[in-house]
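The primary structure of each chain is shown beneath.
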There are 2 protein chains.
Amino acid sequence: MAEPAVRVGLVGLGTIGTGVVRIFQEGRERIAERLGFPLELTVIADIDLETDRGVSLAEYATTRNWRELVDDPEIDLVVELVGGTGVARSIVLAALDSGKGVVTANKALLAQHGEEIFALAASKRAEIAFEGSVGGTIPVLRALREGLCADRIDSILGIVNGTCNYILTEMEERGESYEACVKRAQDLGYAEADPTFDVDGTDSAHKLSILLALAFGVRVGPDQFGVEGVERIEPVDVEYARRIGLRIKLLAVGKRGDQGIEAHVHPTMIPETSVLARVDGPMNAVEVQGLHSGPTLYYGAGAGSLPTGSAVVGDLMELARARRLGAALRVPPLGTPALREVTLARPEDLETEYYLRVAALDSPGVLSEITGALGEFGISIATVLQEERRAERAVPVVITTHTARQGSLDAAIRDIEQLAEVTRPVQVIRIERGI
Amino acid sequence: MAEPAVRVGLVGLGTIGTGVVRIFQEGRERIAERLGFPLELTVIADIDLETDRGVSLAEYATTRNWRELVDDPEIDLVVELVGGTGVARSIVLAALDSGKGVVTANKALLAQHGEEIFALAASKRAEIAFEGSVGGTIPVLRALREGLCADRIDSILGIVNGTCNYILTEMEERGESYEACVKRAQDLGYAEADPTFDVDGTDSAHKLSILLALAFGVRVGPDQFGVEGVERIEPVDVEYARRIGLRIKLLAVGKRGDQGIEAHVHPTMIPETSVLARVDGPMNAVEVQGLHSGPTLYYGAGAGSLPTGSAVVGDLMELARARRLGAALRVPPLGTPALREVTLARPEDLETEYYLRVAALDSPGVLSEITGALGEFGISIATVLQEERRAERAVPVVITTHTARQGSLDAAIRDIEQLAEVTRPVQVIRIERGI
């Protein structure tokens, strides 16, 4: 007699949901062969069942009411791909509450309501998996939770937003403005019509919150650390970075330091010879530094219908095995039985090298005033670049510093911005050399 | 009452074994916290218990007789780090036969005796894990077995031997001879006193055999495909590669093609802009191409006491969980219940671009004879580089081809090597652009 199937209900037929349907249709036999039993998508819920998404839904039961799907006793596993933190939260909580396994790729939901969700999953002994929530198709959460589980993780540096990485790559390769590159990203489907949560760093912050839990076993919300996006990067910064052998990436950073765990999302200059600097276009990568394992890096498509769908179906296979073999919660979803609450390192205590670009009127003594302000706060200068002024255009003073305390730098910048010759806010970008 | 421990016996106190001991000593609390129960190293077996390896063995029972350890009913999991395929095979088979879980990093053993070992593990329902056998610390086998399990894998390209990669990187960066770079690799501990199995491709072939099982579900022994090492690479090839935007890497290649599965280990020229080209020194990386997931890449230390030790202890944690939770064999060790036997694509049917370096006496018409021989076998030339002859030294003719059938190329090379003006075997290196 053939093994009975494990049954899946899918809520949300957007980009990733459609990818999941396609993978079930293409991979049915391969998946059953690997599992040793069939895994079947049987019910799909979405408020819009009319739009043609290029896949046939004929073989599935469909409903506009997600509760019907979640309440269906025939469904073993629920996939939440609605997005957002409203209905999605209700779906995930209701499914866990009824003891079903849940797969989601919803980073906003996990970053903002993770505590509630993981507590309910634990109390109901229901499985939850979310590989697609960070790094799309890249199995980096599994790597942290299982592959590297013997090691102490000391840092993570992630390029986890493909929209931002595409924009920065285009600015570098074409020398075009931020706005022009956003436009192209939208035309190619790498950015949404309203790209705010991608370009302002919010999406990266959600993902960093999840990475911090898995890497360090700590609970840190995305509102607890500094977040900056790519909006203020100008082609001139990209160009100066290149001249000193660096490239600009939006990095989600978590580090174990003397001052505690450090976390932030910032545009960062990294050496062009590093592997991370080669991560171009909409691709994602996470570099992990372990005490024993040293540096490891995980690279791949950070978004997209089929790549993220592939991670979601992989999670479903894991949960199906757990269910079939009665081994629920073999590995806790966050890799550790309980997260610790932590106080993060204070931003002002963090130390790094900096790139500064100061737009100053070309008057005698202005360079001395700027460098004097830095010196006053104990900030040591590594390089200064000021080109000859052409015509009437102001030429920026570009400075890189040795390692400096963020609090001291902020104070020096405030003083520099008070100078009469300084016409605009100073452009400040971190430099990470240790990768 | 505290949870009882899962107990580990370690056979083989070499480089990796010593790393495993260190990680148990450093990470005891972290490991117990993540597992929810203690994992304890209790017995160590090695024929040499006298040499000071810089770690204290005071807290362990020790024995020179591995059978004593394997027969000990108190031991739940056995780590085999003896290496080779003699005693190591006996240890692994005996441990599985007694129902113990086994962790090994022994690629030669798995590549040559995998069929016997995995069959015994399945029949005894005993767990076996071997993440450290390919890519050292990099959890690439887990990525293939679990993270990418929903997808159809179409190709794998691996830099899986750190010794070869270090030598090639040094030749590139210093322009030195192969021999000088081997010497430096030995001085730095990246190559053994007898580096034969590393530099001739044997080690990469063992790892490719394991990767082929996990990526394609096929059983392919390391003697079934073409294997070539780095010994015949000369600085001039490295230099010419660089001029045309390529770098030379020793790649373990597996591909799903029209002719069946293609497998080989060869020095290969790859675009310098690819992520894989940035993998320098003793580091390893595997690039995987999936139907839905697209390209993903896994990078890290491919060898070394603590990096590989970290993968071994990670495997022990997985097996300890399985044992404690009664969920043995949740995921089959090779990701699929049974490997398929396959007939590989015939090497002569494979198609790729080629780099050819022909050492020819500079006589009129020699270039025409060489290109004529290629044309006769339908091989189309992409670029030709022949510099002016200086003094009496013969200057090579460097040719890159468009995609050509390997059988046709081999025939053309045989004809070229018959030419009176051609003084040495033609240097032939594959070019992979699609990465």
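Residues numbered from 1 in each chain as written. Chains lettered and ligands numbered in written order. Predicted model: local features only at pLDDT ≥ 70, side-chain atom pairs only at ≥ 80, totals over all residues. Heavy atoms only, no water.

Draft legend 1. Here's a closer look at the side chain of Glu127(B). Among the secondary structure elements, Glu127(B) is positioned in the loop between helix H4 (107-124) and strand E6 (128-129). At 3.0 Å, the side chain of Glu127(B) forms a polar contact with the side chain of Arg323(B). (Helix = DSSP H or I, 4+ residues; strand = E, 2+ residues; numbered from the N terminus. Polar contact = N/O pair within 3.5 Å; in protein donor to acceptor, adjacent residues only side chain to side chain.)

Draft legend 2. Looking closely at the interface of chain A and chain B. Contacts between the two partners involve 52 residues from chain A, matched on the other side by 51 residues from chain B. The interface formed by chain A and chain B includes 10 residue pairs in polar contact (both at pLDDT 80 or more). If you list the elements that add at least two residues to the side of chain A that touches chain B, you get helix H1 (15-35), helix H5 (140-147), strand E13 (294-301) and helix H11 (305-325) of chain A. Top contributing element to the side of chain A that touches chain B by residue count: H11(A), with 9 residues. (Contact = heavy atoms within 4.5 Å.)

Draft legend 3. Structural context of the domain arrangement of chain A. Residues and elements named next belong to chain A. As assigned here, chain A comprises domain 1 (6-136 + 305-338), domain 2 (140-301) and domain 3 (348-431). Taking only C-alpha atoms, the centre of domain 1 and the centre of domain 2 are 27 Å apart. Each partner contributes to the interface: domain 1 provides 24 residues, whereas domain 2 provides 19 residues. Taking both sides of the interface into account, the surface hidden between domain 1 and domain 2 amounts to around 1,800 Å²; carbon and sulfur atoms contribute 58%. The largest per-residue losses of area from domain 1 upon contact with domain 2 belong to Ala111, Glu131 and Val134, which jointly make up 31% of the total buried on that side. There are 6 salt bridges connecting domain 1 and domain 2. Two residues, Asp315 and Arg142, come together in a salt bridge whose shortest N-O distance is 3.2 Å. Linking domain 1 to domain 2 there are 6 residue pairs in polar contact (both at pLDDT 80 or more). (Domains from an automatic or database assignment. Buried area = accessible area lost by both parts, 1.4 Å probe. Salt bridge = Lys/Arg side-chain N within 4 Å of Asp/Glu carboxyl O.)

Draft legend 4. Structural view of the pattern of salt bridges. Residues and elements named next belong to chain A. Within the structure shown, the criterion is met by 74 salt bridges over all chains. With its nearest N and O atoms 3.1 Å apart, the salt bridge here joins Glu59 to Arg28. Linking Glu59 in the loop between strand E2 (39-45) and strand E3 (61-63) with Arg28 in helix H1, this pair joins segments that are 31 residues apart in sequence.

Draft legend 5. Representation of the relation of the copies chain A and chain B. Mapping chain A onto chain B is achieved by rotating through 180 degrees and translating by 0.0 Å along the same axis, at an RMSD of 0.0 Å. The symmetry that links the two subunits is that of a two-fold axis. Minimal C-alpha separation from the rotation axis in chain A is found for Tyr298(A), amounting to 2.4 Å. Comparing interface residues between copies, 98% of those in chain A also sit at the interface in chain B, which points to an isologous, same-surface contact. (Least-squares fit on C-alpha atoms with pLDDT ≥ 70 in both.)

Draft legend 6. Up close: the pairing of strand E11 (residues 260-271) of chain B. All names here are of chain B. Most of E11 sits out of view: 11 of its 12 residues are buried. In terms of strand pairing, strand E9 (residues 226-227) meets E11 through 2 bridges, oriented parallel. By the bridge assignment, Val227 is partnered in E11 with Val265. Note that strand E10 (residues 246-257) and E11 share 12 bridges and pair antiparallel. (Buried < 20%, exposed > 50% of the residue type's maximum accessible area, 1.4 Å probe, protein only. Pairing = 2+ DSSP bridges.)

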